[in-house]
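Examination of the molecular architecture
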Amino acid sequence: MTAFGQAAAEIGGYRVAVELRSVNHRWADLKLRLPEYLAAQESVLRRRFLDRIRRGRVDAIVRVEAPGGGESRPRLQRALLDEALEAARQLREQHGIAGQVDLATILALPGLFRVETPAPQWTDTELVELTALFDQAVGALDREREREGRHLRDELRSRAEIMQSHVAALRARAVAEPGRLRNRILERLANLAPDVALDPGRLAQEAALAADRADITEELVRLSGHLAEVARLVETSGDEPVGKSLDFLLQEVHRESNTVNSKTSELEMSRLALALKAETEKLREQVQNLE
């Protein structure tokens with residue numbers, strides 16, 4: 001889910017700020033930007049993040065400012081300068097291009113200077129403070145995600161209730177399906193061979209076979225079970241993630257809806273199955289955003 005979290009504090013005389021921005025994603029994907037001298041802390045911070053956030057693409061930035069902001073200094077990138085001068089020499093000697101490289105041209109070279117802040121010499125205690133600050137930012141991000149999740153839960157609950165009503169309507173119409181199939185067989189036989197005497201036993205057998213092929217009892221039982229579990233997970237307030245479980249259940253609901261639609265030849269039952277499928281697809285779009 002989309003959210004923003006931040007935290008700031010002074011650690012060892014340096015101003016440290018942590019910012020996190022998240023967008024929807026099926027998996028947990030953290031892009032963490034740290035000053036080079038904190039590279040050793042990346043695995044620690046990444047582990048702390050993944051212990052709490054299970055889904056979402058998150059951009060995290062840790063900024064460290066020197067006391068008073070006055071100790072930062074530009075550092076000449078000598079390797080870049082040497083490459084630029086060598087390229088100028090090759091242009092003159094190999095391609096006959098006239099001209100000289102002057103100071104103004106050199107200073108205009110992008111990336112020639114990099115502003116560096118003196119690396120803080122933090123103790124283990126201060127590095128623990130950095131980790132705690134990162135945890136605060138993750139907590140702020142998580143609270144924003146929870147706020148959005150509460151609104152999303154209302155939408156999921158409403159759609160799950162609509163889906164359950166479709167299943168109930170299918171179950172009610174399925175009770176009369178054997179009788180409708182028998183009447184349909186009688187109508188077809190009457191149209192095709194009105195003068196032929198019908199064998200009641202044979203007619204009952206054909207009606208039973210047709211009813212068996214169109215029977216959706218198993219599918220309705222599974223649909224009811226899946227939707228009951230969907231409703232339970234939507235109301236879950238624990239720390240365990242439910243997004244992937246809901247996604248799997250809705251995939252099964254989608255599959256059962258297709259089966260029901262393929263078995264039935266009655267227009268209203270087909271309409272209900274398609275409506276159930278449509279609601280399932282809408283719900284799956286929302287569930288992709290859940291942890």
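All figures in this text were calculated on a predicted structure; none of them were measured in a lab. For every chain, the first residue of its written sequence is number 1, and the numbers climb from 1 along that sequence. Totals for whole chains, interfaces and linings use every residue, but because this is a predicted model, local features are given only for residues with pLDDT of at least 70 and side-chain atom pairs only at 80 or more, for both listing and counting. Excluding hydrogens and water, the side-chain values take into account all heavy atoms of the structure.

1. Structural notes on the sheet that holds strand 3 (residues 28-33)
DSSP calls a pair of strands paired once it identifies at least 2 bridges connecting them. Helix numbering and strand numbering both begin at the N terminus, where a helix is a DSSP run of H or I of at least 4 residues and a strand a DSSP run of E of at least 2. Spatial strand order, 1-2-4-3: four strands in an open sheet with mixed pairing. Edge positions in the sheet fall to strand 1 (3-11) and strand 3, since each has one partner strand and no second. For this sheet the average axis-to-axis angle between neighbouring strands, irrespective of direction, equals 15 degrees. Alignment of strand 2 (residues 14-23) against strand 4 (residues 56-65), held across nine bridges, turns out to be antiparallel. In the strand pairing of strand 4, Arg-21 is matched with Asp-59. Set on the sheet, helix 1 (residues 42-50) makes contact with strand 2, strand 3 and strand 4; between it and strand 3 the angle comes to about 145 degrees. Where helix 4 (residues 124-175) meets the sheet, its contacts fall on strand 1, strand 2, strand 3 and strand 4, and the angle it forms with strand 1 comes to roughly 155 degrees. For helices, the fitted line uses only the C-alpha atoms of the stretch in contact; every axis is such a line through C-alpha atoms, and the angle between N-to-C directions lies from 0 to 180 degrees. Pairs of residues are marked as contacts when any of their non-hydrogen atoms sit within 4.5 Å.

2. Considering the packing of helix 7 (residues 217-234) against helix 8 (residues 243-263)
Between two packed helices, what matters for the description is the angle formed by their axes and the separation of those axes. Across the interface, helix 7 lies against helix 8 with an axial gap of 10 Å and an inter-helix angle of 155 degrees. Classed by the angle they form, the pair helix 7 and helix 8 counts as roughly antiparallel. In this structure, helix 7 crosses over helix 8, and the sense of that crossing is left-handed. Of helix 8, the residues touching helix 7 (which contributes Glu-219, Arg-222, Leu-223, His-226, Leu-227, Glu-229, Val-230, Leu-233 and Val-234) are Ser-245, Leu-246, Leu-249, Leu-250, Glu-252, Val-253, Glu-256, Ser-257, Thr-259, Val-260 and Lys-263. Its residues placed into classes, the contact of helix 7 with helix 8 shows ten nonpolar, four polar and six charged. The cut-offs work like this: below 35 degrees is roughly parallel, past 145 is roughly antiparallel, 65 to 115 is roughly perpendicular, and the gaps in between are oblique. Left-handed describes a crossing whose near helix is turned anticlockwise from the far helix by less than a right angle; the clockwise case is right-handed. In this classification, the charged set is Asp, Glu, Lys and Arg, the nonpolar set is Ala, Val, Leu, Ile, Met, Phe, Trp, Tyr, Cys and Pro, and all remaining amino acids, among them Gly, are polar.

3. Quick look at the packing of helix 4 against helix 9 (residues 267-287)
Between helix 4 and helix 9, whose axes approach to 9 Å, the crossing angle comes to 160 degrees. As the angle between them shows, helix 4 and helix 9 are arranged roughly antiparallel. Of the two elements, helix 4 crosses helix 9, and the hand of that crossing is left-handed. Between helix 4, through Leu-152, Glu-155, Leu-156, Arg-159, Ile-162, Met-163, His-166, Val-167, Ala-169, Leu-170, Arg-173 and Ala-174, and helix 9, the contact on the second element is made entirely by Glu-268, Met-269, Leu-272, Ala-273, Ala-275, Leu-276, Glu-279, Thr-280, Lys-282, Leu-283, Gln-286 and Val-287. Of the residues belonging to the contact of helix 4 with helix 9, the class tally is 15 nonpolar, three polar and six charged.

4. Notes on the packing of aromatic side chains
Only Phe, Tyr and Trp rings take part, Trp by its six-membered ring, and two of them pair if their centres are within 6.5 Å. Stacked means planes under 30 degrees apart, edge-to-face means over 60, and tilted covers everything else. This structure, assessed with the given rule, holds one aromatic pair. Aromatic pair Tyr-14 and Trp-122: ring centres 6.2 Å apart, planes at 90 degrees, arrangement edge-to-face. Of this pair, Tyr-14 sits in strand 2 while Trp-122 sits in the loop between strand 6 (113-116) and helix 4, and the two are 108 residues apart along the sequence. Each member of the pair Tyr-14 and Trp-122 is classed as buried. Residue burial is assigned from relative accessible area. The probe radius is 1.4 Å, only protein chains are included, and a residue is buried under 20% of its type maximum, exposed over 50%, and partly exposed in between.

5. Considerations on the nonpolar core
Looking at soluble globular proteins, one finds that nonpolar side chains tend to be buried together. Residues Leu-20, Val-62, Trp-122 and Phe-134 are the most contacted members of the largest nonpolar core, which totals 27 residues. Of all elements in the fold, only strand 1, strand 2, strand 3, helix 1, strand 4 and helix 4 reach the threshold of two or more residues within this core. Grouped together as the second largest cluster of nonpolar side chains are 25 residues, Leu-223, Leu-227, Val-242 and Leu-250 included. In this description, a nonpolar core means a group of buried Ala, Val, Leu, Ile, Met, Phe, Trp, Tyr and Cys residues linked to one another through side-chain atoms lying within 4.5 Å.

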